[in-house]
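Structure at a glance
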Amino acid sequence: MAPRPASPTTPQRALTAAARGVTSSTRGPVVMLHGLLESPALWAPLRQALELDTVLAPPLPGHRADAPRLPAAAPLLAEPAALARHMADGIEARAGGRPVQLIGHSLGGYLALMIARERPDLVSRALVVGAIHAGDCGKRATLRTRVVTGLPLVGPLSARVLIRHWLADADRFAAWMTASLAPGERLQAVPAAMRRELSGGDATTIRALAVWARSQSALQSFGRIHTPVTVVICARDPVVTVEHQLELARALPGGVAHLTDTGHLPMLTTPRRLARTVGAWLDADTAGAGSAPLEAVPA
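Residues numbered from 1 in each chain as written. Predicted model: local features only at pLDDT ≥ 70, side-chain atom pairs only at ≥ 80, totals over all residues. Heavy atoms only, no water.

If you check which residues of helix α11 (residues 242–251) are buried, you get H244, Q245, L248 and A249. Down the axis of α11, the buried set is contained in an arc of 135 degrees. They therefore lie on one face. Opposite the packed face of α11, turned more than 90 degrees from it, sit the exposed residues E243 and R250. As for α11, its buried residues are in contact with α4 (107–118), β3 (123–129), α10 (219–222), β4 (229–234) and β5 (255–260). (Buried < 20%, exposed > 50% of the residue type's maximum accessible area, 1.4 Å probe, protein only. Helix = DSSP H or I, 4+ residues; strand = E, 2+ residues; numbered from the N terminus. Arc of directions from axis to C-beta. Contact = heavy atoms within 4.5 Å.)

This paragraph deals with the side chain of S180. Turning to its location among the elements, S180 is positioned in the loop between α7 (170–177) and α8 (192–199). Once you skip the residues sitting within four places of it in the chain, S180 turns out to touch P238, V239, G263, H264 and L265.

Here we take up the pattern of salt bridges. The full count for this structure, using the stated rule, is 9 salt bridges. Taking the shortest distance from any N to any O, the salt bridge between E118 and R85 comes out at 3.2 Å. Here E118 is found in helix α4, whereas its partner R85 is found in helix α3 (residues 82–94), with 33 residues between them in sequence. Residues participating in the shared-partner salt-bridge network are E79, R85, R117 and E118. (Salt bridge = Lys/Arg side-chain N within 4 Å of Asp/Glu carboxyl O.)

Time to look at the packing of α7 against α8. In contact at an axis separation of 11 Å, α7 and α8 are set at 100 degrees when each is read in the N-to-C sense. Taken as axis vectors, α7 and α8 run roughly perpendicular relative to one another. Contact with α7, carried on its side by A170, F173 and M177, involves M194, R195 and L198 of α8 and no other residues of that element. Its residues placed into classes, the contact of α7 with α8 shows 5 nonpolar, no polar and 1 charged. (Axes fitted to C-alpha atoms, helices over the stretch in contact; angles between N-to-C directions. Parallel < 35°, antiparallel > 145°, perpendicular 65-115°, else oblique. Nonpolar A, V, L, I, M, F, W, Y, C, P; charged D, E, K, R; others polar.)

With that out of the way, let us pick up the packing of aromatic side chains. Here the structure, examined in full by the defined rule, presents 4 aromatic pairs. Three or more aromatic residues joined by ring pairs form one cluster here, namely Y110, W212 and F222. Across the ring face of W281, the terminal group of R125 is positioned such that the distance to the ring centre comes to 4.6 Å. (Phe/Tyr/Trp six-rings, centres within 6.5 Å; stacked < 30°, edge-to-face > 60°. Lys NZ or Arg CZ within 6 Å of the ring centre and 35° of its normal.)

A few words now on a nonpolar patch on the surface. A surface patch of nonpolar side chains, amounting to about 310 Å² of accessible area, comprises L151, L153 and V154. For V154, the position within the fold is in helix α6 (residues 154–167). On the basis of relative accessible area, V154 is assigned to the partly exposed category, the value being 42%. (Patch = residues over 30% accessible without salt bridge, like charges linked within 9 Å, V, L, I, M, F, W, Y side chains within 5 Å. Areas by Shrake-Rupley, 256 points an atom, 1.4 Å probe, with all protein chains shown as cover.)

Further remarks concern α4. With 12 residues, α4 extends 16 Å from end C-alpha to end C-alpha; this agrees with the ideal 16 Å at 1.5 Å per step. Every buried residue of α4 is accounted for by L107, G108, G109, Y110, L111, A112, L113, M114, I115, A116 and R117. (Expected span 1.5 Å × (residues − 1).)

Judged by how many residues are buried, β3 sits mostly within the fold: 6 of 7 residues are covered. Crossover strand β2 (residues 100–105) to β3 through α4 is right-handed. With 4 bridges connecting them, β3 and β4 associate as parallel partners. Within the sheet, the bridge partner assigned to A126 lies in β4 and is V229. (Right-handed = clockwise from strand over helix to strand, strands pointing away. Pairing = 2+ DSSP bridges.)

Here it is in structure tokens:
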């Protein structure tokens, strides 16, 4: 369906959903990467707000029934870039060899940047939300995290018990996510499919991915990324500190920062607000943005 021409009084950011679909297809498919203890269904409220019908959203290891799991997934976690290369190969195959537009949240943002670093030919541009550049997220780990990821005997058992308990009840599932919210925030949407997808996954593999993530540190190498990257900084994020997110934005040669007054899950607390930021990014012409200076724009 061809896009309708915008009227002279219509701002560029208010393109119709049809126009946005054409714009996205000409710049490559949209790929959305979720974070740890999330699933592809995380993106459902944002996709609905954007009226995006077609995106690629692969699961991280262990996070859905069809996702890689141990022991077969062990080589993907054996060295820092192996998982990114594996995901890049899968994305390339599904995208038909075309460059893609990557959107990533938290650990998914980290992987989006790793893919951009390893495969600049595959990524036309990227947008990351509440993303990390190292596994510490800018702060000391909680006791629960240290037990689950740091104790080789107790950790796997603890992970299985905690994840099974968390996924057993829909209300408990939603309540657990409140730890990722800023004071005063509330969940506008909790996709039921996210709990179903995680229930089909593998807790042992999820725990192994968490251990791998805790060991990561790539800030210096991200300075080699010249793909245009927009960093959406969640200003009241209790999971990834603001300072950690700012360090990431400053390290990227083609980095542009947008500040949003939210916690760690804006796609579930303020999906329409996040959709305005992502929609403007999808609509924007990023030609030459690789050399753009870092700027802060409230979202």
